[in-house]
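Residue strings, one per chain:
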Amino acid sequence: WLGALRFGNLALRSLPVDSSEEGGPRAVPGACFARVRPSPLLNPRLVAASLPALALLGLEAPAAPEAEAEAALYFSGNRVPAGAEPAAHCYCGHQFGSFAGQLGDGAAIYLGEVLGPRGERWEMQLKGAGVTPFSRQADGRKVLRSSIREFLCSEAMFHLGIPTTRAGTCVTSDSKVVRDIFYDGNPKNERCTVVLRIASTFIRFGSFEIFKPPDEYTGRKGPSVNRNDIRIQMLDYVISTFYPEIQEAYSDNSVQRNAAFFKEITKRTARLVAEWQCVGFCHGVLNTDNMSIVGLTIDYGPFGFMDRYDPEHICNGSDNTGRYAYNKQPEICKWNLGKLAEALVPELPLEISELILEEEYDAEFEKHYLQKMRKKLGLIQLELEEDSKLVSELLETMHLTGGDFTNIFYLLSSFSVDTDCSKFEDFLDELTSQCASVEELKVAFKPQMDPRQLSMMLMLAQSNPQLLALIGTKANINKELERIEQFSKLQQLTAADLLSRNKRHWKEWLEKYRVRLQKEIESVGDADSWNTDRVKVMNSNNPKYILRNYIAQNAIEAAENGDFSEVRNVLKLLEHPFQEAESFSEVKEDAEEAGATAAAAACAEETRSRLPYCSKPPLWASELCVT
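Scope of this entry: the structure provided in the associated data block.

Here is what the cut-offs are and how they apply
Residues numbered from 1 in each chain as written. Predicted model: local features only at pLDDT ≥ 70, side-chain atom pairs only at ≥ 80, totals over all residues. Heavy atoms only, no water. Helix = DSSP H or I, 4+ residues; strand = E, 2+ residues; numbered from the N terminus. Rg over C-alpha atoms; globule rule 2.2 N^0.38 Å. Contact = heavy atoms within 4.5 Å. Areas by Shrake-Rupley, 256 points an atom, 1.4 Å probe, with all protein chains shown as cover. Polar contact = N/O pair within 3.5 Å; in protein donor to acceptor, adjacent residues only side chain to side chain. Phe/Tyr/Trp six-rings, centres within 6.5 Å; stacked < 30°, edge-to-face > 60°. Buried < 20%, exposed > 50% of the residue type's maximum accessible area, 1.4 Å probe, protein only. Salt bridge = Lys/Arg side-chain N within 4 Å of Asp/Glu carboxyl O. Axes fitted to C-alpha atoms, helices over the stretch in contact; angles between N-to-C directions. Parallel < 35°, antiparallel > 145°, perpendicular 65-115°, else oblique. Left-handed = near helix turned anticlockwise from the far one by under 90°. Nonpolar A, V, L, I, M, F, W, Y, C, P; charged D, E, K, R; others polar. Core = buried A, V, L, I, M, F, W, Y, C linked by side-chain atoms within 4.5 Å. Expected span 1.5 Å × (residues − 1). Pairing = 2+ DSSP bridges.

Topic: the overall build of the protein chain
When helices and strands are tallied, the protein chain shows 22 helices and 13 strands. For a compact globule of 627 residues, the expected C-alpha radius of gyration is about 25 Å, and the protein chain comes in at 25 Å, within 12% of that figure. Each principal axis of the C-alpha distribution contributes one length, and for the protein chain these read about 75 × 65 × 65 Å. In the protein chain, 74% of the contacts between residues at least 6 apart in sequence involve partners at least 24 apart. A total accessible area of about 26,900 Å² is found for the protein chain, and carbon and sulfur atoms account for 50% of it.

Considering the side chain of Thr-164
Mapped onto the secondary structure, Thr-164 falls in the loop between helix H4 (144-159) and strand S10 (166-179). Side-chain polar atoms of Thr-164 contact the side chain of Tyr-300, separated by 2.5 Å. Residues in contact with Thr-164, not counting those within four places in the same chain, are Ser-154, Met-157, Phe-158, Leu-296, Thr-297 and Tyr-300.

Some words on the packing of aromatic side chains
The description of two aromatic rings rests on the distance between their centres and on the angle between their planes. The tally for this structure, following the rule as stated, stands at 20 aromatic pairs. The interplanar angle of 85° and the centroid separation of 5.7 Å between the aromatic rings of Tyr-237 and Phe-242 together place this pair among those described as edge-to-face. The same class applies to Tyr-237 and to Phe-242, which are both buried. Between Phe-281 and Tyr-300, the ring centres sit 6.2 Å apart and the planes meet at 65°, which makes this aromatic pair edge-to-face. Pair noted here: Phe-281 is in strand S12 (residues 281-282) and Tyr-300 is in the loop between S12 and strand S13 (304-305), with a separation of 19 residues, a long-range link. There is no split in this pair, since Phe-281 and Tyr-300 are both buried. A network of ring pairs unites the aromatic residues Phe-415, Phe-424, Phe-427, Trp-506, Trp-509 and Tyr-513 as a single cluster.

A closer look at the pattern of salt bridges
Taken as a whole and judged by the stated rule, the model has 42 salt bridges. Note that Glu-364 and Arg-271 form a salt bridge whose closest N and O atoms lie 2.9 Å from each other. Here Glu-364 is found in helix H9 (residues 350-376), whereas its partner Arg-271 is found in helix H7 (residues 254-279), with 93 residues between them in sequence. When its relative accessible area of 8% is taken as the criterion, Glu-364 is described as buried. For Glu-480, the salt bridge goes to Arg-483, with nearest N and O atoms at 2.5 Å. One end of the pair is Glu-480 and the other is Arg-483, both in helix H16 (residues 474-492) and 3 residues apart, which spans about a single turn. Note on accessibility: Glu-480 and Arg-483 belong to one class, buried. One network of salt bridges, in which partners are shared, links Lys-127, Glu-150, Arg-197, Arg-204 and Asp-299.

Looking at the packing of H4 against helix H20 (residues 565-574)
Put simply, H4 and H20 touch, their axes get as near as 9 Å, and they point 15° apart. Considered as vectors, H4 and H20 are oriented roughly parallel to each other. When you trace H4 past H20, the crossing you get is right-handed. Along its contact with H4, which presents Ile-148, Phe-151, Leu-152, Glu-155, Ala-156 and His-159, the element H20 presents Val-567, Val-570, Leu-571 and Leu-574. For the contact of H4 with H20, a count of residues per class yields 8 nonpolar, 1 polar and 1 charged.

A short note on the nonpolar core
Core analysis: the biggest nonpolar cluster contains 164 residues, and Phe-75 and Tyr-513 have the highest contact counts within it. When residues of this core are assigned to their parent elements, the largest contribution, 12 residues, is made by H7.

Description of helix H17 (residues 495-522)
Here H17 spans 40 Å end to end across 28 residues, near enough to the 40 Å set by a 1.5 Å rise per residue. Taken together, the buried positions of H17 are Leu-498, Asn-502, Lys-503, His-505, Trp-506, Trp-509, Leu-510, Tyr-513, Arg-514, Arg-516, Leu-517 and Glu-520. Buried residues along H17 sit against helix H10 (387-401), helix H11 (405-411), helix H12 (421-432), helix H13 (438-444) and helix H18 (527-539).

Some details on the environment of Ala-88
Locating Ala-88 in the fold gives a position in strand S4 (residues 87-89). Each C-alpha atom of the pair Ala-88 and Pro-213 lies 22 Å from the other, and the pair is 125 residues apart in sequence. Residues contacting Ala-88, with those up to four places away along its chain left out, are Cys-32, Phe-33, Ala-34, Val-36, Asp-105, Ala-108, Thr-132 and Phe-134.

Brief notes about the pairing of strand S8 (residues 121-127)
For S8, the buried fraction is high: 6 of the 7 residues fall into the buried class. In the sheet, strand S7 (residues 108-115) pairs with S8 via 7 bridges, with the strands oriented antiparallel. Looking across to S8, one finds that Ile-109 is bridged to Leu-126. Two successive antiparallel strands, S7 and S8, enclose a turn made up of 5 residues, where Gly-119 displays a positive phi of approximately 90°. Bridge count for S8 against strand S11 (residues 188-199) is 5 bridges, and the pairing is antiparallel.

Thoughts on the pairing of strand S5 (residues 92-95)
A regular strand places its side chains so that they alternate between the two faces of the sheet. Where S5 lies against strand S6 (residues 98-102), 3 bridges are found, and the strand directions are antiparallel. Bridging from a neighbouring strand, His-94 pairs with Phe-99 of S6. From the end of S5 to the start of S6, which pair antiparallel, there are 2 residues, and Phe-96 there has a positive phi angle of about 50°.

As structure tokens, this is what we get:
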């Protein structure tokens, strides 16, 4: 089955590889890669495979049992394909704003680059395949729950049309590692699992930070300080391989070439984060080492798709300060580009890159964001200045009513300008059914601090702000006070009052939307044809299905009980995010034919029967915490 793979490992031929054979974690100076061997797993077996991702490599579906066994054997790392040259990539990074020194592929192993059927080159990487020189104090392993999440989300993002690394297979095993999921002193044994990741390259902003001299705040430095020769090699490799048109246009002037490259990655990054904002995707850990040098979404950890619209939504339970909140993503990506600019000196002077960043980033983000939002609202004929305000007011209405981000957008395509009163009321009922209930709001605004802790922090804010800065922030205190106030108000609020208030807010916005759509109609000759086109554009830009945390959790729980059918069902669903899915019974039959045990099938059946995949999350989902 794997005979179709044709390796041509350009990265290892173009960039310095560490010659040391020393095993275990260590500093790796003067190199971009270190050779490693994947560590074998006990009884590997295939959880799921993405056929569209494997097709990039020239592989067909592993349909026969022998092919599934072969996929499990090779994509667990138990056996290395002919032509592969396993290695781990060296990089550094700013983590939560502070320079962390050498990081590198601590759990991921580069297998090599495969030439695809259309002549393109794809890097294959096994994530979770064992210890590398960059593993630090960790064991180089990933577990079933995090691997299923990365596997599913990589493919979900691709099918949403968002630039991303891909996931070919997810392979689990009987090997176990101990994990303390919430860092609360309750460790448990979990199955070692490996994801086959695929991308044109996994080089990231942090790859260029290996040359950083000692940081003025943390004192840490990169492993290859003063090795500008390697920086030049990396720029030559990245630009000639992934930006060949720039290499060709500026082959005789390296500064102009490097400036054109920086301008392009600035614009790609701006467009990428605009796409995230438009589907409510939160990355969770936007460190410089998690930013792709070719503008892909990379490294799926504590990510999350936003359910109830909250501009300050934090998907990562470890992000105590909200650095990587939903509304901070655009500015954080710009900050990360600033760190990349610093890392390219002296090959690109800072005064050139800083000017590019200021001139290009915000303008490109705003342009792409508004273009996408116009499509989501079906504004396909005119581009008016007022559109930006209409989008802001929509999001404000969603925020005020606790609207479900995905489902509200999806419903708007069924809104008609000439709807009569009774149909308008029906539409309003449907819209408000996607808003948060009193119970959901009580969970969302439940105070999170012990009253004594809050009292102490309020005193510190007055008497010792320096000490407060070590244990919390003024913003955290203000947010908690706001939460307490909201929670108190909710105690008096009835469901009828909430519904009435929500309907009032939505009526106000829908009237503005109706006026804007009327302007579209007035600018066209055939209103019916325009409406058909409008609905078509909206339905191809507003997904019905996203990888909500509760959907992933249901799939994980079934898989942990030995039934992989739900992972495969969800994968199939996410391959068509804009289409109405088949009924559950039809999807379920395929899964049960896959041969799950009776007990596991019963567990999965219970999981599946809870809610349709397009539903806003159940109340229990608010307790899910991803760190």
